[in-house]
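In case you want the letters, here they are:
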2 protein chains.
Amino acid sequence: MKDYIVKDSWQIIEDQFRPEYNEISESIFSIGNGRMGQRANFEEDYSGKSLQGSYIAGVYYPDKTRVGWWKNGYPEYFAKVINSTNWIGLHLTVNGQLVDLAQAKVTRFERRLDMKSGVLHRQVELTLADNTELAITSRRLYSVHESQTAALAYEIKVLRGRAEIQLESGLDGDISNRDSNYEEKFWDEVSRSADDQHIALQLRTKKTGFEVLSRVSQNLVSADQNIVVSQVINQEKYVAQQFDFHLNEGQTATLYKKVAIVTSENHPIENLLKEATALSENFNAQSFADLLAKQEEGWSKIWKDSDIQIDGDVAAQQAIRFNIFQLYQTYTGEDARLNIGPKGFTGEKYGGVTYWDTEAYCLPFYMATTKPEIARNLLVYRHKHLQKAIENAEKLGFKNGAALYPMVTINGEECHNEWEITFEEIHRNGAIAFAIYNYVRYTGDSSYLQEYGLDVLIGIARFWAQRVNWSEQKQQYVMLGVTGPNEYENNVNNNWYTNRIASWCLKYTLQAIQHVESEDVNRLEDIFKTLNFDASEKDKWQHIIDNMYYPEDAERGVYLQQDGFLDKELIPVSELPASERPLNQKWSWDRILRSCYIKQADVLQGLYFLEDQYDLETIRRNYDFYEPLTVHESSLSPCVHAIMAAKLGKEDKAYEFYLRTSRLDLDDYNNDTEDGLHITSMAGTWMTIVEGFAGLRVRDGKLHFQPILPKEWNGYNFRIHFRGADLQVAVSKNQLKFKNSGDSTANLVVNGQSQNVEANGEITLENIAISE
Amino acid sequence: MKDYIVKDSWQIIEDQFRPEYNEISESIFSIGNGRMGQRANFEEDYSGKSLQGSYIAGVYYPDKTRVGWWKNGYPEYFAKVINSTNWIGLHLTVNGQLVDLAQAKVTRFERRLDMKSGVLHRQVELTLADNTELAITSRRLYSVHESQTAALAYEIKVLRGRAEIQLESGLDGDISNRDSNYEEKFWDEVSRSADDQHIALQLRTKKTGFEVLSRVSQNLVSADQNIVVSQVINQEKYVAQQFDFHLNEGQTATLYKKVAIVTSENHPIENLLKEATALSENFNAQSFADLLAKQEEGWSKIWKDSDIQIDGDVAAQQAIRFNIFQLYQTYTGEDARLNIGPKGFTGEKYGGVTYWDTEAYCLPFYMATTKPEIARNLLVYRHKHLQKAIENAEKLGFKNGAALYPMVTINGEECHNEWEITFEEIHRNGAIAFAIYNYVRYTGDSSYLQEYGLDVLIGIARFWAQRVNWSEQKQQYVMLGVTGPNEYENNVNNNWYTNRIASWCLKYTLQAIQHVESEDVNRLEDIFKTLNFDASEKDKWQHIIDNMYYPEDAERGVYLQQDGFLDKELIPVSELPASERPLNQKWSWDRILRSCYIKQADVLQGLYFLEDQYDLETIRRNYDFYEPLTVHESSLSPCVHAIMAAKLGKEDKAYEFYLRTSRLDLDDYNNDTEDGLHITSMAGTWMTIVEGFAGLRVRDGKLHFQPILPKEWNGYNFRIHFRGADLQVAVSKNQLKFKNSGDSTANLVVNGQSQNVEANGEITLENIAISE
């Protein structure tokens, strides 16, 4: 854990040069616009610790799988979102000395991410070997207005001395991934061009053949002189312009560098040049000040819908905004082919591809904070991959349209290759089905079922029906050899969560069939015909639903995480020496596996998803049994626990979990922020406030609230979209305000009491029970 | 499965040139002498399929571990016995054409391994592009007389035309392993020398620093002329002599190439040159005919003790001799630092290192067929590694001298890196303890316990005592998260075999303590002191022994392979479509894991080891339950099943298993002989005859027999050493002969009847029950 980020409600600030934390800061200060993004690398050369990274959503490389021991069924490759053309890079030479913060004496340093406007600032003062003193100020943005563009202003001021300057600023395509399985480079050059007006570089990924054309227009402005391009550099995978000039003490020059990046994902290859040129020229015609204004305007629209304000706790305020900011930098929902990588555009780890995190954690955030099409696109993403999921299941021996969605994917194909995860962590199928239910529940848009949802549900239901087997011994259906959400258990039998979500999927699929039948029987017949659906499948499903085995301990009144869980030694986490934590760094894998320690919610994840089917005491018993055994070594763990703790009236515990999840990256809680940010778990932070503290639930088409206020706060407010209502919710001590800016009435149930907030109306509830 | 090896009782013969099978034949025709060995590569250039391989026991490279996903506790490297200097290689150029069987027209081809003399022969007739016809005859041996030497005679005869010949014969140190994790080369050159009298090359392995000096003396003899070295080639990692000469039609020249190979394993580095020179010169002074005679003499001594003769079934005869021959080529037992790699010197796969195969399968073979010191050396090997086994256990969180022997090792450190095997297939510890028991039982040499055995047993017992845990639920000790011998299950709870062998180890360790106490109480005190042994440990062990949980099914009267086994769908292997076999090639790993199918004996392995503790009906019930579910996809499976089947009177089944194990490599049963031979399972073939058909058991210091005769055979005989007796056992229809050439009486129990065979005496039992 670290504590070097300056607390501020809208800014993320690093106020000293800390080379040892540079890779952490590069992650934290990342910027992006949902289509592209970038770590906060320095523009000029830097010989210290740095992980270079600029990424483009959907552009991936199928990196040949690396394993020690091949198991039948492993995928051939791991798809990676790959480091792409470095457009910010420049070489700055002053009086013959290459400027490099690792070599110069840095006398002042500030890195600042302005979340309100989506701009990354850096201010440095440094002294070179010849005692020349410089100030460098850079501002960078990935446009949320035109997502194929990004821009940079790089100002050099001479504070002391006189500077003969060479500034070479280019496009570098000779880049590699640190996370390459076989140290390959992933890009070939297609073409390049460079003159004194522009530079452009077109690359193609090996194997996948994505083409990316980057085109830069840049100019160097100084109040004191007219600076033109001195030299054009044009070589394999690298194009640049060089400016030679001098500045006297007190003089300033600013490089404005604007890039358009177009890809074959969005344009026919033959049009790339034309598109990039048009975009680049149009973009270049706008002043940097205009770009900044548009950027702030764009972000203000996002913040209007998604901001959460916390009164009285600047650390918490900064943290929640940081989480929301990074989510919207990663995914804006406009392109149904894209999804939310666990590291977004902030690092290479986990390949930048889709996990069940999207459905389980991110969907609620996007449903509430933006228009429903965005959440719908997240569902459609999986619909597009249904055929691949069926093929994936076939590789594992399933038949007849059974679909197993991949654990990790970028194009619908499985990428992951630990057998205990890839083949066995099949509960992901449950989260994908649950997301459909959750979407329909939240939006009321049940037409999604007939349009896209039912195909997916039937594929998933077929998988579960084949994946269980009848136990002669138990005279019930069992599910053998799975890994539950708690990845600190592998290859277990009858993971309660998996059995439960499987049976729930079957039941919901039957309901969905019934729903589509009642809405549009022809459509249902079409679907059945296309899917070769036999009515007897429904009977089989019902038989499984009626006869599924769920491990439990009657005496304790708890569900058992899996068969045999009670054979373990049950020693609470609190009794583990601190020196042995985190377990995943201190204990060998086998020791973790046979221990009772739980990485993240497992039984509790099921009780969270299906909480309306369980009474409070059941939830309490299970929470009280499992939470003390949980080490929360997944970034996805604290949020579910916070929500449950809040529900159970364990407010201090809920707040403790909130802190842990919300500042996970800002404070580098798990010592791994340098690899990139934990993007998907950031949605869990949002859930912690909205579902946890405010107690938001949707039941029968109504919004339910049961708010608590952490005693460290004076109040908090957030905004959610719900079926035409646009509701501002403000919680303060003993007062609860709802303001509806939407055009539909919001039907609420607050602490069990129905309340309606008319369109454009508001209500204030005083003296009601707000626990704190 | 293939059927191209010509059946012959003493020879392995390939009578046609089959380039497509060349890598298989290279494995099958491998030669070695326990210290060094080699695949049957051609001497001259060959551009077809070939896996080059010459290996030296104990010389390894710690190849950096390759995994997809690192788990805490993985070893840093996988030790590999590595391909070393190629001393057989030569370039033969005839009338300007490089001789290469893949390019020439091969008109006759025979590869023949004479097992009686330990010589590899090859005869080829070929036509070159210019119609020159040649005959090449080569003979090769790894001396069993002086294990640091090997020799080659390579004869060239011109059958048609006139041949201008360049023959370049050298030492090539620029070699690599196909099985290299990161495509590294493992050797650096230390020095080289070459003149017209000799060539020599000294290499050092990277990281491990083993030095190997190869020194060749060679001469080219032709009846018709005096041929001398025309040119000496001396370059980085390569030295050679070139002979330029011509042969007329009908003329012959023979290259005699003799190599001495000395290593820093056996000599101080500074002496290597001196040792090699002396050895080489002495060796060179012997004619090739002398070498052949000595080789045959050496092998005749081995055969005298170890041969099994089978009357009436040449395929079975050839097979058993092939198995015995390869075992003695791999391991002669003279060096306690060496062990029996699963592929011996015949390939790279599995790294050429030690598995539990040694204790479970090979030990009985070496105990019976040679002097007891050899078997003892196999035990001492593990004793030498005790400290490393303790460190290995410490890495996994065990304390207080608990020892976990590695799954795979060359120097005592763990090499393997699949968590489900490395960390969980801990039953290997049981086999290592059982081997001590087995050795003492067989040899009566209980002094081994006080000398070496008890330390190892205590380390192992401590491991088990920490590895179990008390289940509050069961009120018994359980063992969670293991992989049993059946590797088609991973991370199971309470594998019956592992629980059983663990408890047995504890019990045997207590007995061993008692034994040492009664023999030499001072020694015991010394051991206790050294090991920091607390008497309360014994009480803990006894408590575990008395309260261990064993899963079983009372109704069926069978032990359960592990908890939950009966939740599986139990469908006999016989109902699986042939197209789905072998499962490990056709099914995904998860499907195998959740199926009921068993790779190799698991419960039955326990009943085999501890059979005297179970009545015949219990063994029968378990065999009848498990064997139909067993796919025998481990080469170690058929032998245990054959022995059990024989015991249970299932003679046809026993014979079926015998065939499967004995010709596994000769007929390439599993399509993997090209990777190398299944050396350790070859000992299982021997056990199938001796323990299976002849029913050999040792009980109370006596040899028990209960012979059956496969109906396909007229008879069989074998020889075993037992406590000073040297017993020839001959089984034929209704007649059983025992001849004792040793100097102690052999106390036998035949079909339950005591029989003694005096020293140098013999007995013949007629008309006794020999099932057939």
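Residues numbered from 1 in each chain as written. Chains lettered and ligands numbered in written order. Predicted model: local features only at pLDDT ≥ 70, side-chain atom pairs only at ≥ 80, totals over all residues.

The name an unreviewed UniProt entry gives chain A is Glycoside hydrolase family 65 protein, with Sphingobacterium corticis as the organism.

**Q** Please explain the overall build of chain A as it appears in this structure.
**A** In terms of regular secondary structure, chain A is built from 20 helices and 33 strands. A compact globule built from 772 residues should have a C-alpha radius of gyration of about 28 Å, and chain A, at 27 Å, falls within 12% of that. Considered along the principal axes of its C-alpha atoms, chain A spans approximately 85 × 60 × 55 Å. Taken across its 772 residues, chain A has 54% of its residues classed as buried. (Helix = DSSP H or I, 4+ residues; strand = E, 2+ residues; numbered from the N terminus. Rg over C-alpha atoms; globule rule 2.2 N^0.38 Å. Buried ≥ 20, exposed ≤ 12 C-beta atoms within 10 Å, placed from the backbone.)

**Q** Honestly, the environment of Y361(A) in this entry has me stumped. Any pointers?
**A** Residues and elements named next belong to chain A. In this structure, Y361 sits in helix α5 (residues 357-369). Taking the number of C-beta atoms within 10 Å as the measure of exposure, Y361 has 25 and is therefore buried. For Y361, the contacting residues outside a window of four places in its chain are L636, T680, S681, A683, G684 and M687. (Contact = placed C-beta atoms within 7 Å.)

**Q** What should I look at first to understand the relation of the copies chain B and chain A in this one?
**A** A rotation about some axis, followed by a shift along it, carries one copy of the chain onto the other. Under the fitted operation, chain B is carried onto chain A by 0.0 Å of movement along the axis and a turn of 180 degrees, and the coordinates agree to an RMSD of 0.1 Å. In symmetry terms, the pair is related by a two-fold rotation axis. Closest approach to the rotation axis among the C-alpha atoms of chain B is made by V67(B), whose C-alpha sits 2.2 Å away. A symmetric contact is evident, with 100% of the interface residues of chain B recurring at the interface of chain A. (Least-squares fit on C-alpha atoms with pLDDT ≥ 70 in both.)

**Q** What is the right way to read the packing of helix α6 (residues 372-384) of chain B against helix α10 (residues 447-467) of chain B from this model?
**A** Residues and elements named next belong to chain B. Taken N-terminus to C-terminus, the directions of α6 and α10 make an angle of 45 degrees; their axes are 9 Å apart at the nearest point. With respect to α10, the axis of α6 lies oblique. Here α6 runs over α10; the crossing is left-handed. Across the interface between the two elements, R376, L379, V380, R382 and H383 of α6 pack against Y448, Y452, D455 and V456 of α10. (Axes fitted to C-alpha atoms, helices over the stretch in contact; angles between N-to-C directions. Parallel < 35°, antiparallel > 145°, perpendicular 65-115°, else oblique. Left-handed = near helix turned anticlockwise from the far one by under 90°.)

**Q** Would you take a moment to explain the interface of chain B and chain A for this structure?
**A** In this assembly, 41 residues from chain B lie in contact with 41 residues from chain A. For the side of chain B that touches chain A, the secondary structure elements donating two or more residues are β22 (469-471), α14 (583-586) and α15 (589-594) of chain B. Residue contributions to the side of chain B that touches chain A peak at five residues, all from α15(B). Residue classes in the side of chain B that touches chain A are distributed as eleven nonpolar, 17 polar and 13 charged. (Nonpolar A, V, L, I, M, F, W, Y, C, P; charged D, E, K, R; others polar.)

**Q** I'm lost on α10(B) in this one. Help?
**A** Each turn of an α-helix holds 3.6 residues, which means side chains three or four residues apart point in the same direction. Residues and elements named next belong to chain B. Compared with the 30 Å implied by 1.5 Å per residue over 21 residues, the 29 Å span of α10 between its first and last C-alpha is a close match. Where α10 bends most, the angle comes to about 65 degrees, and this point is G453. Burial analysis of α10 places 16 of its 21 residues in the buried class, the great majority of the element. (Expected span 1.5 Å × (residues − 1). Bend = angle between axes of the 7 residues up to and from the residue.)

**Q** For this particular structure, what's the right way to read the sheet that holds strand β3 (residues 36-38) of chain A?
**A** Remark on secondary structure: sheet strands pair via backbone hydrogen bonds, oriented parallel or antiparallel. Residues and elements named next belong to chain A. Spatial strand order, β2-β3-β4: three strands in an open sheet with antiparallel pairing. This sheet does not close on itself; its edge strands, each paired only once, are β2 (31-32) and β4 (54-56). Pairing between β2 and β3: two bridges, direction antiparallel. Note on β3: the bridge partner recorded for I31 is Q38. (Pairing = 2+ DSSP bridges.)

**Q** I tried to follow the sheet that holds strand β31 (residues 746-750) of chain A on my own but got confused; where do I start?
**A** Residues and elements named next belong to chain A. Ordered by their spatial adjacency, four strands build an open sheet running β26-β27-β31-β32, and the pairing between neighbours is mixed. In this open sheet, the two edge strands, each paired with only one partner strand, are β26 (697-699) and β32 (753-757). Mean inter-strand twist for the sheet, computed between neighbouring axes without regard to direction, equals 35 degrees. Taken together, the three bridges between strand β27 (residues 702-705) and β31 define a ladder with parallel strand orientation. By the bridge assignment for β31, F705 is matched with V750.

**Q** Before we go on, may I ask you to explain the pairing of strand β9 (residues 105-114) of chain A in this structure?
**A** Successive residues of a regular strand alternate their side chains across the two faces of the sheet. All names here are of chain A. Alignment of strand β1 (residues 11-14) against β9, held across four bridges, turns out to be antiparallel. Across the sheet, residue I13 finds its bridge partner in β9, namely R112. Note that β9 and strand β10 (residues 119-127) share nine bridges and pair antiparallel. The residue bridging K105 from the neighbouring strand is T127, located in β10. Following β9, the chain reverses through four residues before pairing antiparallel with β10; G118 in that reversal takes a positive phi of roughly 70 degrees.

**Q** Help me out: how do you make sense of the packing of α5(A) against helix α6 (residues 372-384) of chain A in this one?
**A** All names here are of chain A. Contact geometry of α5 with α6 gives a least axis separation of 8 Å together with a crossing angle of 165 degrees. When the axes of α5 and α6 are compared, the pair comes out roughly antiparallel. Where α5 crosses over α6, the two elements pack in a sense that is right-handed. Counting all contacts with α5, which are made through T358, L363, Y366 and M367, the residues of α6 involved are P372, I374, A375 and L378. Residues belonging to the contact of α5 with α6 are distributed by class as follows: seven nonpolar, one polar and no charged.

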